[in-house]
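Next come the chains, spelled out residue by residue.
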Amino acid sequence: MISRRQLLAASAGAASVCALRPTLAQLAASTDIITKAIPSSDERLPVIGMGSSRTFDKQLDDDTRLRLGQVLSVFFEHGGTLIDSSPMYGDAESVLGELLAATPVRDKVFAATKVWTDGQQQGIDQMRQSLQRMRVERFDLMQIHNLRDWSNHLQT
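This next bit is on the overall build of the protein chain. Helix and strand counts for the protein chain come out as 6 helices and 6 strands. The N-to-C order of helical and strand elements in the protein chain reads α-α-β-β-β-α-β-α-β-α-β-α. By residue count, 30% of the 156 residues in the protein chain fall in the buried class. Here the analysis covers contacts within the protein chain between residues at least 6 apart in sequence; of these, 69% occur between residues at least 24 apart. Summed over its atoms, the accessible surface of the protein chain is roughly 10600 Å², and 55% of this surface lies on carbon and sulfur atoms.

Here is the structure:
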């Protein structure tokens, strides 16, 4: 059983933490985002990007298109740029491509995806397919998923 003194002390401590901590709304309204430079180019990117594995692997009905479009809008409004996908993520690349095509700031996207197949030509084909699906001119970052056949893909 907790004493009245312990309850009051714990309540005062919890109130102090709440009073000193910024609210979620204040954090969301903040325009200060943490960035880090890419060593080879000095281009600065936010340290947190947006993955697409489950969020964008959807069938696009009107409601889903609207909701995911809002996700992208908020992401870009708050300084987001890096979006990462993979052909492993079902329809995510295609869904992102359709939504990004309707986004006025699509030129600000730092597009990243992965290759995860065996063989140099199969890797090249998969990368080209990812370009078509995401509707980008080029990928800013191509990753080798789980280092699968890395010696072939690294050359590409």
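Still to come is the rest of the account.
With 4 bridges joining them, strand 5 (residues 110-115) and strand 6 (residues 141-144) adopt parallel strand pairing. Looking at strand 6, one finds that Val-115 is bridged to Ile-144.

This part takes up a nonpolar patch on the surface. A cluster of nonpolar side chains, contributed by Ile-34, Val-47 and Ile-48, occupies part of the molecular surface with about 340 Å² of accessible area. Within the secondary structure layout, Val-47 lies in the loop between strand 2 (44-46) and strand 3 (50-51). Under the relative-accessibility criterion, Val-47 is labelled partly exposed at 48%.

Turning to the side chain of Lys-114, a few remarks are in order. Positionally, Lys-114 belongs in strand 5. In terms of polar contacts, Lys-114 uses its side chain to reach the backbone carbonyl oxygen of Ser-85, at 3.0 Å. At a separation of 3.2 Å, a polar atom in the side chain of Lys-114 contacts the side chain of Tyr-89.

Remark: helix 3 (residues 62-77) packs on helix 4 (residues 92-101), axes separated minimally by 10 Å, with the N-to-C direction vectors making an angle of 70°. In this view, helix 3 runs roughly perpendicular relative to helix 4, as classed from their interaxial angle. You can see that helix 3 and helix 4 cross each other, and the crossing is right-handed. Of helix 4, the residues touching helix 3 (which contributes Arg-65, Leu-68, Gly-69, Leu-72 and Phe-76) are Val-95, Leu-96, Glu-98, Leu-99 and Leu-100. By residue class, the composition of the contact of helix 3 with helix 4 is 7 nonpolar, 1 polar and 2 charged.

The next subject is the sheet that holds strand 4 (residues 82-84). Within a sheet, adjacent strands bond to each other through the backbone by hydrogen bonds, running parallel or antiparallel. In space, the 4 strands of this open sheet follow the order 3-4-5-6, with parallel pairing throughout. Single-partner strands in this sheet number two, and they are strand 3 and strand 6. Two elements, strand 4 and strand 5, share 3 bridges in a ladder whose sense is parallel. When the bridges of strand 5 are listed, Leu-82 appears paired with Phe-110. Contacts between helix 3 and the sheet are confined to strand 3 and strand 4, with strand 4 contributing the most and set at about 140° to the helix. Contacts from helix 5 (residues 120-134) reach strand 5 and strand 6 within the one sheet, and its direction differs from that of strand 5 by about 145°.

Side chains bearing opposite charge may pair, as long as their charged atoms lie close to each other. Across all of its chains, the model carries 7 salt bridges by this definition. The partner of Arg-65 in a salt bridge is Glu-98, and the shortest N-O contact between them spans 2.9 Å. Here Arg-65 is found in helix 3, whereas its partner Glu-98 is found in helix 4, with 33 residues between them in sequence. One network of salt bridges, in which partners are shared, links Asp-62, Arg-65 and Glu-98.

Criteria and thresholds
Residues numbered from 1 in each chain as written. Predicted model: local features only at pLDDT ≥ 70, side-chain atom pairs only at ≥ 80, totals over all residues. Heavy atoms only, no water. Helix = DSSP H or I, 4+ residues; strand = E, 2+ residues; numbered from the N terminus. Buried < 20%, exposed > 50% of the residue type's maximum accessible area, 1.4 Å probe, protein only. Contact = heavy atoms within 4.5 Å. Areas by Shrake-Rupley, 256 points an atom, 1.4 Å probe, with all protein chains shown as cover. Pairing = 2+ DSSP bridges. Patch = residues over 30% accessible without salt bridge, like charges linked within 9 Å, V, L, I, M, F, W, Y side chains within 5 Å. Salt bridge = Lys/Arg side-chain N within 4 Å of Asp/Glu carboxyl O. Polar contact = N/O pair within 3.5 Å; in protein donor to acceptor, adjacent residues only side chain to side chain. Axes fitted to C-alpha atoms, helices over the stretch in contact; angles between N-to-C directions. Parallel < 35°, antiparallel > 145°, perpendicular 65-115°, else oblique. Left-handed = near helix turned anticlockwise from the far one by under 90°. Nonpolar A, V, L, I, M, F, W, Y, C, P; charged D, E, K, R; others polar.

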